[in-house]
Each structure stands twice: as structure tokens, then as C-alpha cells.
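Given next are the chains, with one letter for each unit.
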Amino acid sequence: MSVSITFLGGAGTVTGSKYLVRHGGQALLVDCGLFQGYKPLRLRNWNPLPVAPQDIDAVLLTHAHLDHSGYLPLLAKDGFGGPVFCTAGTRDLCAILLPDSGHLQEEDAAFLNRHKLSKHEPALPLYTRLDAQHCLSLLQVQPTHQTFEPIRGWRATFQNAGHILGAASVLLEVGGRRILFSGDLGRPDDLLMHAPDAPPAADTVLIESTYGDRSHPPGTVLDELGPALARLAARGGVAVVPVFAVGRAQTVMYAIAQLKARGEVPSGLRVYLDSPMAVSATELFQNHLSETRINRSELHAMARGTTLVHSVDESKALARLHGPRVILSASGMATGGRVLHHLALHAGDHRNMIILTGHQAGGTRGARIAAGEKTIRIHGRDVAIRAEVVQLATASAHADGDQLVAWLRSMPSTPRQVYVVHGEMAAADMLRQRIDHALGWPVEVPEHGDMRNALKQESKQPPALI
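Residues numbered from 1 in each chain as written. Predicted model: local features only at pLDDT ≥ 70, side-chain atom pairs only at ≥ 80, totals over all residues. Heavy atoms only, no water.

J.: What's the story with the overall build of the protein chain in this structure? I'm lost.
T.: The number of helices and strands found in the protein chain is 14 helices and 21 strands. Overall, the protein chain is about 70 × 55 × 40 Å in size when its C-alpha atoms are taken along their principal axes. Each of the 466 residues in the protein chain was classed as buried or not, and the buried ones make up 56%. Counted over contacts in the protein chain with a minimum sequence separation of 6, partners at least 24 positions apart contribute 74%. With an accessible surface of roughly 19000 Å², the protein chain has 52% of that area assigned to carbon and sulfur atoms. When the 44 basic and 43 acidic side-chain charges of the protein chain are each reduced to a single mean position, those positions are 5 Å apart. (Helix = DSSP H or I, 4+ residues; strand = E, 2+ residues; numbered from the N terminus. Buried < 20%, exposed > 50% of the residue type's maximum accessible area, 1.4 Å probe, protein only. Contact = heavy atoms within 4.5 Å. Areas by Shrake-Rupley, 256 points an atom, 1.4 Å probe, with all protein chains shown as cover. Lys, Arg positive; Asp, Glu negative; His and termini not counted. Charge placed at Lys NZ, Arg CZ, Asp CG, Glu CD.)

Below is the structure:
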């Protein structure tokens, strides 16, 4: 009896990861991600899946980022009631990220209705905060390195993937096949997280390709951030740092604590974390320290050196402060959130600094700042950019092309098929070429909606939907 994989997301794009595995009349979904970014991708979230949610027997989550977990509230709302298996870290982060996602969906719908900007009457959220809170009851924690049965007769094992708290690769054994899902792989030299576990033997591999077309530069975040903050402190400026609430915020906080301990940055340089979600994610670290490279004393030093900003009033109060300081605030690409208020206030002063901490997707304010635009539009007005702009090249939490190939090369035996997923087309195809040339393995970049036999090696099969 065959085992099929249908690529319902994360194919030809770096978002919306969903991989449907079917065997013997049963179905399991690996990841349940939300499409984000460009409007044509976001519209896919509104299209029904080619399988009824109630016909899916179980879900496995590799980690909590919304492009891997954010569709789960809608899946449950539409009739899925089975178990969702994940690690403890993923469960804890989902409890923060999913309700917040629902809240943002409600806010967006309310804005459209208030300003009569929607073609629909009324505009509705994809799902609500309450929908997200309800789906959390489906999450069932499984420890890493222990095999369990997500469906009777199916075996699954989580392995550490680095990247963020709780992130895992998944080995799925079904119908005599061994299918390995990489999830998002972290860097072996990550500042905060341990290196990903070596991959096990598998017949079929799905490998992410977010950074499949590039190599990270040498050095660490400390090497880039230290000189920048030293310049900032010397001229008494304010650094506004757009950060991703889960992962990047904590990396930058830890880096600043280390730089202060080394004497490379003044110990009195004040640091503020102004993002409720990032504050909550940071507080989780004390429960999951074993997943990280830092010890409890380093965590405490990181916390002591950062003022956690919770309320809107506390956030507004930052504007009344004087002297050099660093404000970390979401979102990471300056698409919304409290960081916009800080940019509007501080971007126009040449003594200040805007520090971009990762890839800035096309069309975002962060991308326009990185490209050197002299003004950006914030809350309906043009804001001049006179502050120094620093874009960190060493802060990524994803393995690069070299590291992805090295991870594959460490497999104990050659797989019979590799599928390159979860990357923009240029990145995915470059990684495909590298796997082909460097390893000589059968490799393919599937398209959205493609269905493949788990062991099928030829890539001529036309796309098909289940």
C-alpha cells in the first residue's frame, strides 16, 4: 500500500508549510502553517484544503512560528478535532503566538470595517483569539528522541533542530517508509540555541531552503553589534531595533549582555524590550534552558540588563527618557506594532541608529530602510530617515546553504528521494542544484499542490490534488 505526500504549503514559497501524508485510508498533517507576505499567498489561507479537516487523523508540528503553526486555529474551527503532537517548547510558544495571531486577525477585520475598505460586508477575521485559545487544548507534548504513535501503526520521533525553543525535525515511519521532515534548521554556531541533531537514516527527506542560496558571513552577532553600539553610546543616541519576538529578540538581548560583560559596550547603556509577546517568549527561556547554550546565571544577567516593557503607557514613557539607550521592539520588518512609534520619533536624528536584525522581505518598511530610502511612511505621514542604518548579517537563526548540505551529508545512508521545500524559488532551486552536484542524490523542488509517492524518484508526474 503506497504512502503519498501532498505539498499543501511551503512549496515554491517560504511560508504556509503543510505536508499531508496519507496511507491506508488515514491522513496526517506535518505542520499547519499560515501563508504570509504577498497578497496572492495570503489569499490561500481562505481557500479550503483539498482534504476535509475532520478527515485528518493527527497533526505534527515542527515548531511554533506562524508559518508552521498559524493555520491550526482555522483547521480546528473547520472541524479538525484530532491530536496535535509537538514538543514542550512548541506548546508553550503556541500558547503565546496563536492567540496573538487571532487578535491581530480581529483587529485587521475591524479596521477594514471601520474604514469601509473591504469588498465584503462585513470583513471577517480568518479566526479569532477565542478560536486560537480553543485549539490549544488539542496540543499533546511528546519529548524529543522518544518514538510515539501519532496514529495507530504510524511511528514518529522528534529530534532537536536548533532554530528556536522547541524546534524539531520529525522522522515519520509509516507503511515501511522512513520520511524525514527537517523543519526549520538552526545554525550549528548559533549564539543561543544548540546545533541541530544529526539526521537519522531515511528513504525520503523534505529539507527546508530558507537560506539555500547563500552563505552566512564569518563572525558573530557580537562582532557586528559591538562596534555599532559603541558608536551609539559615544554620541549619546538612541538605537531602535525592530526584532522578531521569538528568537531574534532574545539573541540580541544576550549579545548585548555579553558585550557589556566584555567591556566592549558601556555597562550603563540602557536596554528596553518593548513587545509584550517578546517579553512572554523571553520569560519561557527559564523553563527550557537545556535547549540553549546559556546557563541560568547568563540568563539572569540578560534579564537584569534589560527593562521589560509591558503596558502601552510604559511604552509611551520611553519617549520622555534622555541619554543613550537601545529599544528592542516588534515587528522584525517594521510592518506594524510598537516599533513604528519609536521609528517615527527617533529616525529623523542623525545621532540615532536603526539596527535591522535579519532578512527584510520585499515591500516591507524594513526593506525600504535597508535599501537606503530617505523617508518612510508611518501612520499616514512621511518620516525622514537621518539615523544611521545598520543591518546585521550574522543574526539569522536559519542554517545557510553550506550548513544544509552538510546536515544532509551527515545522514548515515543515502536517501532515495529529497524534496526541497520552505524556500523562495531562487533559494530552493539553488539548494536543489547543490544537492545534485555535491551529493548526487535524486532531488526535486515540488510545486504547490503536488502529490508524490514517498519513494518516487522521477519528477515528471503532473501536479495532483488529493
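J.: It is not clear to me how the nonpolar core should be interpreted in this structure. Could you clarify?
T.: Generally speaking, a soluble globular protein has its nonpolar side chains buried in company with each other. One finds Leu75, Ile207, Leu225, Val326 and Ile435 to be the most contacted residues of the largest nonpolar core, which totals 98 residues. Sort the elements by how many residues they give to this core and helix 7 (residues 248-262) lands first, with eight residues. By size, the runner-up hydrophobic cluster in this structure holds 26 residues, among which are Ala11, Val21, Phe85 and Leu172. (Core = buried A, V, L, I, M, F, W, Y, C linked by side-chain atoms within 4.5 Å.)

J.: Where do I start with unusual backbone geometry in this structure?
T.: For residues other than glycine, phi is negative in most cases, and the peptide bonds are mostly trans. With an omega dihedral of 20 degrees, the bond running from alanine 330 to serine 331 counts as a cis peptide bond. Mapped onto the fold, serine 331 is located in the loop between strand 14 (325-329) and helix 11 (339-346). In this model, aspartate 31 sits at a positive phi of 70 degrees, which is unusual for a non-glycine residue. Tracing the chain through its elements places aspartate 31 in the loop between strand 3 (26-30) and helix 1 (39-42). Although it is not a glycine, histidine 379 sits at a positive phi angle of roughly 50 degrees. Take histidine 379: it is sitting in the loop between strand 16 (375-378) and strand 17 (381-384). Histidine 379 sits in the exposed class, given a relative accessible area of 52%.

J.: Help me understand the pattern of salt bridges in this model?
T.: Here the idea is simple: oppositely charged side chains can pair when their charged atoms come close. This model, assessed by the stated rule, comprises 16 salt bridges. Its salt-bridge partner being aspartate 450, residue arginine 452 comes within 3.2 Å of it at the nearest N-O pair. Via salt bridges that share partners, Arg155, Glu173 and Arg178 belong to a single interconnected network. (Salt bridge = Lys/Arg side-chain N within 4 Å of Asp/Glu carboxyl O.)

J.: What is the right way to read the packing of helix 6 (residues 221-235) against helix 7 from this model?
T.: Relative placement of two packed helices is described by the angle separating their axes and the distance separating the axes. Between helix 6 and helix 7, the least distance of the axes is 10 Å, while the angle of their chain directions is 70 degrees. Considering their axes alone, helix 6 and helix 7 lie roughly perpendicular with respect to each other. Our pair here, helix 6 against helix 7, has a crossing hand that is right-handed. Residues Val221, Leu222, Leu225, Gly226 and Leu229 of helix 6 touch helix 7, and the partners they reach there are Thr251, Val252, Ala255, Ile256, Gln258, Leu259 and Arg262. Its residues placed into classes, the contact of helix 6 with helix 7 shows eight nonpolar, three polar and one charged. (Axes fitted to C-alpha atoms, helices over the stretch in contact; angles between N-to-C directions. Parallel < 35°, antiparallel > 145°, perpendicular 65-115°, else oblique. Left-handed = near helix turned anticlockwise from the far one by under 90°. Nonpolar A, V, L, I, M, F, W, Y, C, P; charged D, E, K, R; others polar.)

J.: What is the right way to look at the side chain of histidine 342 in this model?
T.: Along the chain, histidine 342 turns up in helix 11. Once residues lying within four places of it in the same chain are set aside, the contact partners of histidine 342 are Val240, Asp274, Ser315, Leu318, Ile327, Ser329 and Ala347.

J.: Honestly, the packing of aromatic side chains in this entry has me stumped. Any pointers?
T.: Given two aromatic rings, their pairing is described by the distance between the two centres and the angle made by the two planes. For the structure shown, the criterion picks out five aromatic pairs. Plain terms: the ring middles of phenylalanine 7 and tyrosine 19 are 6.0 Å apart, the flat faces sit at 75 degrees to each other, and that makes the pair edge-to-face. On the criterion of sequence distance, the pair formed by phenylalanine 7 in strand 1 (residues 4-9) and tyrosine 19 in strand 2 (residues 18-23) is long-range, its members being twelve residues apart. You'll find phenylalanine 7 and tyrosine 19 in the same group, each marked buried. Put simply, the rings of Phe7, Tyr19, Phe181 and Tyr419 touch in pairs and so form one group of aromatic residues. The ring of tyrosine 71 has lysine 18 lying over it, and the distance from NZ or CZ to the ring centre is 4.5 Å. The ring centre of phenylalanine 35 lies 5.2 Å from the NZ or CZ of arginine 44, which sits over that ring. (Phe/Tyr/Trp six-rings, centres within 6.5 Å; stacked < 30°, edge-to-face > 60°. Lys NZ or Arg CZ within 6 Å of the ring centre and 35° of its normal.)

J.: It is not clear to me how the environment of valine 240 should be interpreted in this structure. Could you clarify?
T.: Within the secondary structure layout, valine 240 lies in strand 11 (residues 238-242). On the basis of relative accessibility, which here comes to 2%, the residue valine 240 falls in the buried class. Here the alpha-carbon distance between valine 240 and isoleucine 327, two residues 87 residues apart in the chain, equals 5.0 Å. Here valine 240 is in contact with Ile327, Val339, His342, Leu343, His346, Met353, Ile354 and Ile355, once residues within four sequence places are set aside.

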